[in-house]
Amino acid sequence: GAGVSQSPSNKVTEKGKDVELRCDPISGHTALYWYRQSLGQGLEFLIYFQGNSAPDKSGLPSDRFSAERTGGSVSTLTIQRTQQEDSAVYLCASSTDPSSYEQYFGPGTRLTVT
Amino acid sequence: SQQGEEDPQALSIQEGENATMNCSYKTSINNLQWYRQNSGRGLVHLILIRSNEREKHSGRLRVTLDTSKKSSSLLITASRAADTASYFCATGGKAAGNKLTFGGGTRVLVKP
């Protein structure tokens, strides 16, 4: 079946611009996670959605970062006023529910801020 | 911040040899997982071991977990060139959601 998809696969943007990254989780997966992978910080948790519950935003690095999940499916990660340190690969993952533990990752979006 | 630290950071072996990498973590965990990443993109789940388990096998993979030492190891037996990748351990906490905390990864090169 279809896995987690993310778009765009690559995004180059100028410093100060806003960007939106999209994640389509596996159908039926109620849990959705965003992670960021950068050279300096490795793989970091950003935000977690579970069903209709309030998201866990504890990993978001600043208030320039926000995410939403519409209809319990597609999620969008928005970065406002991008900075060069935002350059990274943004990975989305989903799982059937948190207790299943195994997370299925998408291919990621490589963001480059110039 | 990174909870797990992996050792070694890089490993180069010949095809057919075994590859062993280790992971240490700091806080109590619910489970520990190993993922593989090719070409710096998506991660593929390899194996999960729960905190009450000590060893687990899956094909050519063997994982051990020592909660008293807060450490885990991943052994890949009879390595193949296709095993060339980065390997990450990730811990799931007892907090709701099982958000993963990743180690720094081990880059494995299997030479044909």
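The notes below deal with the structure included here. (Residues numbered from 1 in each chain as written. Chains lettered and ligands numbered in written order. Predicted model: local features only at pLDDT ≥ 70, side-chain atom pairs only at ≥ 80, totals over all residues. Heavy atoms only, no water.)

**Digging into the state of the cysteines**
Residue and element names in this part refer to chain A. Scanning the entire structure with this criterion turns up two disulfides over all chains. Here Cys23 engages in a disulfide with Cys92; their sulfurs sit 1.8 Å apart. Torsion about the S-S bond of the Cys23 and Cys92 cystine: about -65°, corresponding to left-handed handedness. Taken together, the residues span a long stretch of sequence, with Cys23 in strand β3 (residues 19–24) and Cys92 in strand β8 (residues 88–95) at a distance of 69 residues. (Disulfide = S-S within 2.5 Å. Helix = DSSP H or I, 4+ residues; strand = E, 2+ residues; numbered from the N terminus.)

**Some words on the sheet that holds strand β1 (residues 5–7) of chain A**
Residues and elements named next belong to chain A. The strand order across the open sheet built from four strands is β1-β3-β7-β6, with neighbouring strands paired in antiparallel fashion. A single partner strand is all that each edge strand has here, and the edge strands are β1 and β6 (65–69). Taking each pair of neighbouring strands and ignoring which way they run, the sheet shows an average axis angle of 15°. Examined bridge by bridge, β6 and strand β7 (residues 75–79) share five bridges and lie antiparallel to one another. Its bridge partner being in β7, Ala67 is matched across the sheet by Leu77. (Pairing = 2+ DSSP bridges. Axes fitted to C-alpha atoms, helices over the stretch in contact; angles between N-to-C directions.)

**Comments concerning the interface of chain A and chain B**
The interface is formed by 24 residues belonging to chain A together with 20 residues belonging to chain B. Interface area for chain A against chain B, summed over the two sides, is near 1800 Å², with a carbon-plus-sulfur share of 50%. Ranking the residues of chain A by area buried against chain B places Leu43, Tyr101 and Phe105 of chain A at the top, with a combined share of 38%. A salt bridge links Lys99 of chain B to Asp56 of chain A, with the shortest nitrogen-to-oxygen separation between them at 2.7 Å. Linking chain A with chain B are five residue pairs in polar contact (both at pLDDT 80 or more), by the criterion used here. Ranked by residue count, the leading element in the side of chain A that touches chain B is strand β5 (residues 42–50) of chain A, at four residues. (Contact = heavy atoms within 4.5 Å. Buried area = accessible area lost by both parts, 1.4 Å probe. Salt bridge = Lys/Arg side-chain N within 4 Å of Asp/Glu carboxyl O. Polar contact = N/O pair within 3.5 Å; in protein donor to acceptor, adjacent residues only side chain to side chain.)

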